[in-house]
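Residues per chain, in single letters:
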Amino acid sequence: MTGVCVNQFPTAAGKVENSPYERLSALGITLPPPPPPIANFVTHVLEGNMLYLSGQGPREADGFLHAGKVGAGGVGVDEAYGHARLTGINLLSVMHDALGDLSRVKRVVKLLGMVNAVPDFEDHPSVINGCSDLLIEVFGPAGEHARSAVGFGSLPGNITVEIEAIVALHG
């Protein structure tokens, strides 16, 4: 696809970033290889002009997974926000692997953010904002999405967050 990207938007410095890759570069982010599935499922399903992404967690490029309970005496909101941002990077990696070009993304439609939290934790949205903020930084207005942010008593491997996504693609 050639021409002007429909997802152009100005940065704080006033420069127009033309592609998700330029925005990632400006943020100092290099996409890691997509994380492999941890059980009997695939990382994504491409159906028509929709991409459905399986849940990803806060996995570093070297395979290290951030684990623990968010809330009282465990992982704090700011740290968990960072884990959700890292999870967003992993979702972008799967998107890139599935699509070959992040410029094919028309819109991030929906996120489901799951937080491994203590029972009285109440700030799930602030944690999942780590992923939401990243997607808006990378895709501009096309990164704005519907979302659920909920607490769970546990997640696989005791990871702090897991996030799945639904993405609409250019025809």
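The structure under discussion appears in the preceding block.
Quick caveat: nothing in here was measured; it's all calculated off a predicted structure.

Rules and cut-offs
Residues numbered from 1 in each chain as written. Predicted model: local features only at pLDDT ≥ 70, side-chain atom pairs only at ≥ 80, totals over all residues. Heavy atoms only, no water. Pairing = 2+ DSSP bridges. Helix = DSSP H or I, 4+ residues; strand = E, 2+ residues; numbered from the N terminus. Axes fitted to C-alpha atoms, helices over the stretch in contact; angles between N-to-C directions. Core = buried A, V, L, I, M, F, W, Y, C linked by side-chain atoms within 4.5 Å. Buried < 20%, exposed > 50% of the residue type's maximum accessible area, 1.4 Å probe, protein only. Salt bridge = Lys/Arg side-chain N within 4 Å of Asp/Glu carboxyl O.

Asks: What is the right way to read the sheet that holds strand β5 (residues 105–116) from this model?
Replies: Pairing between the strands of a sheet is mediated by backbone hydrogen bonds and can be parallel or antiparallel. In spatial order, the strands read β3-β4-β7-β5-β6; together these five strands make up an open sheet with mixed pairing. The two strands at the open ends of the sheet, each matched to only one other strand, are β3 (44–47) and β6 (146–152). When strand polarity is set aside, the average angle formed by the axes of neighbouring strands in this sheet is 10°. As defined by bridge partners, β3 adjoins strand β4 (residues 50–56) across four bridges and the pair is classed as antiparallel. Looking across to β4, one finds that Glu47 is bridged to Met50.

Asks: What exactly am I supposed to notice about the nonpolar core here?
Replies: Within soluble globular proteins, side chains that are nonpolar generally end up buried alongside one another. Residues Leu92, Met95, Val127 and Phe139 are the most contacted members of the largest nonpolar core, which totals 36 residues. Counting residues per element, the ones that place at least two in this core are β4, α2 (77–99), β5, α3 (124–139) and β7 (161–169).

Asks: Would you explain the pattern of salt bridges in this entry?
Replies: Throughout the structure, instances matching the rule amount to one salt bridge. Residues Glu137 and Arg85 are paired through a salt bridge, measuring 3.0 Å at the closest nitrogen-oxygen approach. Taken as a pair, Glu137 in helix α3 and Arg85 in helix α2 lie far apart in primary sequence, 52 residues in all.

Asks: I keep staring at the environment of Ser25 and nothing clicks. Help me out?
Replies: Residue position: Ser25 is located in helix α1 (residues 20–26). Counting along the chain gives 137 residues from Ser25 to Glu162, while the straight-line C-alpha distance between them is 24 Å.

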